[in-house]
Amino acid sequence: LDIRRQLAKTNPADHQPHVAQTLNNLATLYGETQRIKEAKAAYQEALDIRRQLAKTNPAAYQPDVATTLNSRAIFDITTDNFSQATKDVEEALSINRERWKTNPTVAADDLARSLLIDVLVKQDLTAKCQLVKEAASIAHDPQIIATAQKQMAACTSP
């Protein structure tokens, strides 16, 4: 991270995306090691950088904004912060739905991931089942499809 921050000082356009990616990965590591405060700060900084990049080049950086929002939503679910998780996944869904409308092939798996994360924050079984079915119908990645199919079993069992 320090190396990437130094590189970003001399050439921000080339290196800020790498700083944000490193922060996102570091936040995930912090979350997995129960360093909650550090994880929150790293996710927020990654999100701030990615939002700024997306202002100048939305097509290139909106997917990264959605990725960080999804990552942070998962983190917030694990720390029982469902209100923040809901906000984050809803924003990620909005971004990915817009991307999917423009280019379904490119955005399908990203949208499916967001849908499956949204399942984790929803309380209503009918809503969960609709999200899972939508994810399964648009996904191309075999792992995403398999995850959706496993979750669909809860929709069909008595």
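Because the structure is predicted, anything quoted here is derived from the model rather than measured.

Glancing now at the overall build of the chain. For the chain, the helix and strand inventory stands at eight helices and zero strands. If you list the helices and strands of the chain from N to C, you get α-α-α-α-α-α-α-α. Looking at the chain residue by residue over its 158 residues, the buried ones come to 39%. Long-range contacts, defined here as pairs at least 24 residues apart, represent 44% of the contacts in the chain between residues at least 6 apart.

This brings us to helix α6 (residues 104-121). For α6, built from 18 residues, the straight-helix expectation of 26 Å at 1.5 Å per residue is met to within 8% by its first-to-last C-alpha distance of 25 Å. For α6, every residue scored as buried is listed here: A107, A108, D109, L111, A112, S114, L115, L116, I117, D118, V119 and V121. Buried residues belonging to α6 abut α4 (58-78), α5 (82-102), α7 (125-138) and α8 (142-156).

Attention shifts here to the side chain of T68. Inspection of the secondary structure assignment puts T68 in helix α4. With sequence-adjacent residues up to four places away left out, T68 is seen in contact with N24, Y43, A46, L47 and R50.

Let us now look at the pattern of salt bridges. A full pass over the atoms with the stated rule returns nine salt bridges. Two residues, R5 and E45, come together in a salt bridge whose shortest N-O distance is 2.6 Å. Residue R5 is found in helix α1 (residues 2-10), and its partner E45 is found in helix α3 (residues 36-56); the two are separated by 40 residues along the sequence. Several salt bridges converge on common partners, so that one network encompasses R99, D110 and R113.

Along the polypeptide, D48 turns up in helix α3. The class for D48 is partly exposed, based on a relative accessible area of 41%. Along the primary structure D48 and A20 are separated by 28 residues, whereas in three dimensions their C-alpha atoms are 8.5 Å apart.

Bringing unusual backbone geometry into the picture now. Backbone phi values are negative for most residues with the exception of glycine, while trans is the configuration of most peptide bonds. With a phi close to 65 degrees, Q34 is a non-glycine residue in the positive phi region. Locating Q34 in the fold gives a position in the loop between α2 (12-32) and α3. Phi angles above zero are rare outside glycine, and D80 is one such case at about 60 degrees. Relative to the helices and strands, D80 resides in the loop between α4 and α5.

With that settled, the discussion passes to the environment of I49. Here I49 shows up in helix α3. According to the relative accessible area criterion, I49 is buried, its value standing at 12%. Sequence spacing of I49 and D64 is 15 residues, and the spatial spacing of their C-alpha atoms is 10.0 Å. In contact with I49, other than residues within four places in its own chain, are Q16, V19, A20 and L23.

Conventions we followed
- Residues numbered from 1 in each chain as written.
- Predicted model: local features only at pLDDT ≥ 70, side-chain atom pairs only at ≥ 80, totals over all residues.
- Heavy atoms only, no water.
- Helix = DSSP H or I, 4+ residues; strand = E, 2+ residues; numbered from the N terminus.
- Buried < 20%, exposed > 50% of the residue type's maximum accessible area, 1.4 Å probe, protein only.
- Contact = heavy atoms within 4.5 Å.
- Expected span 1.5 Å × (residues − 1).
- Salt bridge = Lys/Arg side-chain N within 4 Å of Asp/Glu carboxyl O.

All we've got here are geometric facts, nothing functional implied.
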